[in-house]
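Structural features, examined
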Amino acid sequence: MKTIKDVFDDYKTGLRRLYDAHEAEAITLLAVTEITGFSKAKVKAFPEQELTVQQTNTFDDVITQLKTGKPIQYILGVTEFYGLPFKVNPSVLIPRPETEELVEWVISSVGSEQLETGSILDIGTGSGCIAISLKKNLPQFKVFAIDISDTALQTAKENAELNNVDIEFINEDILHPKKPFSFHFSAFTSKIEIIISNPPYVTLHDKTRMHTNVTDFEPHTALFVPEDDPLVFYKAIADFAADNLTPGGLLFFEINESYGEEVVQLLNDKPFKNIELRKDMSGRDRMVMSEL
C-alpha cells in the first residue's frame, strides 16, 4: 500500500520539470489534505500513514493532470482565500495571497477611517473572493460585486452560498457600462463608501515571463490588457469612482508591479487625495489606496 510519504516522493519526481521543490511540496500538501481530509499537521506527523486504493488512484489521476500544467486548484475544484473555502474553475482566476493583503488593507482601513457602515463595490469579482471575504469580516456593509462573465458570476454566487453571505452580483462591463448602471444603489444608499478592484493588468510582455499553468489555463479576459493601454481598466474605474464614491470614500486597487507610479499619477490627475502605494509581502508595488 502507498503511504503519504510515497505520494510526496512521487510528486517531487513527477513535477520537477514544472515546479521547483518548494512549489511541488506545497502542491502535494494541498492535494494530500484535500484528498485524505487530513489536517496539515496530521500529514506532516504521520508520513507513513497508508492510503486506500481509491485515494491512491485519485493521487495518480491528479498528478497526470498536473503534468499538463493544469493548476492543482482547478483539478481539485477548491482553494482557500483569507481563511475561507472557495470553488474555482477555469472561468475564474485562482485567488492569490497578494490579494489577501489587499483585503486586509480594506478591513483595517474601515477601522482607522471609522467607516461604521455603508456599501462596498467589488469590480471584476471573478470567484467572488474579495467581496465574500469583505462581507464575512465587515457584515455591517452592503456588498455589491460586478463581472462581465456570466460563468464567473455563477461561481461567485455559489461561493457566497458556500460561505453563507449575502451579496448582490451583477453582470456588467465597467469599460462599457449600461446607462443607467444596472444595479440600484438607491435601494440602500445613493453613494458608495468603498470601491475595490483587482482588474486585468497583465501585458503581453508580462505573459512571456509567466508560468504556463497561468497562461494556458486561467481566463485571459481576467488577466490581459493591451500593451498600448495597460491602465485601461484603472482609468475607467477611477472615473466611475469619482462619480459614485461618497466624499471621503475609499478606492482600492491591486496593480501590476511595473505601473505603480503610473497608477498614482493617474489618480493624482483626478479628484483623489491621500494616495498611498503599498508593497506586497514580496516587496513589489502591488496595491494602491486613495480617498475621494
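Residues numbered from 1 in each chain as written. Predicted model: local features only at pLDDT ≥ 70, side-chain atom pairs only at ≥ 80, totals over all residues. Heavy atoms only, no water.

Per an unreviewed UniProt entry, the chain goes by Release factor glutamine methyltransferase and derives from Mucilaginibacter gotjawali. Quoted verbatim from the Catalytic activity (unreviewed entry) field of the UniProt record, the comment on the chain reads "L-glutaminyl-[peptide chain release factor] + S-adenosyl-L-methionine = N(5)-methyl-L-glutaminyl-[peptide chain release factor] + S-adenosyl-L-homocysteine + H(+)". Per UniProt, the comment on the chain under Function (unreviewed entry) is "Methylates the class 1 translation termination release factors RF1/PrfA and RF2/PrfB on the glutamine residue of the universally conserved GGQ motif." (UniProt positions renumbered as here; feature names shortened; annotations may be inferred.)

Topic: the overall build of the chain
For the chain, the helix and strand inventory stands at 12 helices and nine strands. The buried share of the chain, taken over its 292 residues, is 50%. Expressed as a percentage of contacts within the chain between residues at least 6 apart in sequence, the contacts between residues at least 24 apart total 65%. For the chain, the exposed surface amounts to about 14,000 Å²; the carbon and sulfur share of it is 50%. (Helix = DSSP H or I, 4+ residues; strand = E, 2+ residues; numbered from the N terminus. Buried < 20%, exposed > 50% of the residue type's maximum accessible area, 1.4 Å probe, protein only. Contact = heavy atoms within 4.5 Å. Areas by Shrake-Rupley, 256 points an atom, 1.4 Å probe, with all protein chains shown as cover.)

Side note on the packing of helix 1 (residues 4-14) against helix 2 (residues 21-36)
Direction vectors running N to C along helix 1 and helix 2 enclose 140 degrees, while the axes themselves pass 9 Å from each other. If you check the angle between helix 1 and helix 2, you find them oblique. Pair helix 1 / helix 2 crosses with right-handed handedness. Contact residues: helix 1 offers I4, V7, F8 and Y11, while helix 2 offers E25, T28, L29, A31 and V32. Across the contact of helix 1 with helix 2, the residue classes break down as seven nonpolar, one polar and one charged. (Axes fitted to C-alpha atoms, helices over the stretch in contact; angles between N-to-C directions. Parallel < 35°, antiparallel > 145°, perpendicular 65-115°, else oblique. Left-handed = near helix turned anticlockwise from the far one by under 90°. Nonpolar A, V, L, I, M, F, W, Y, C, P; charged D, E, K, R; others polar.)

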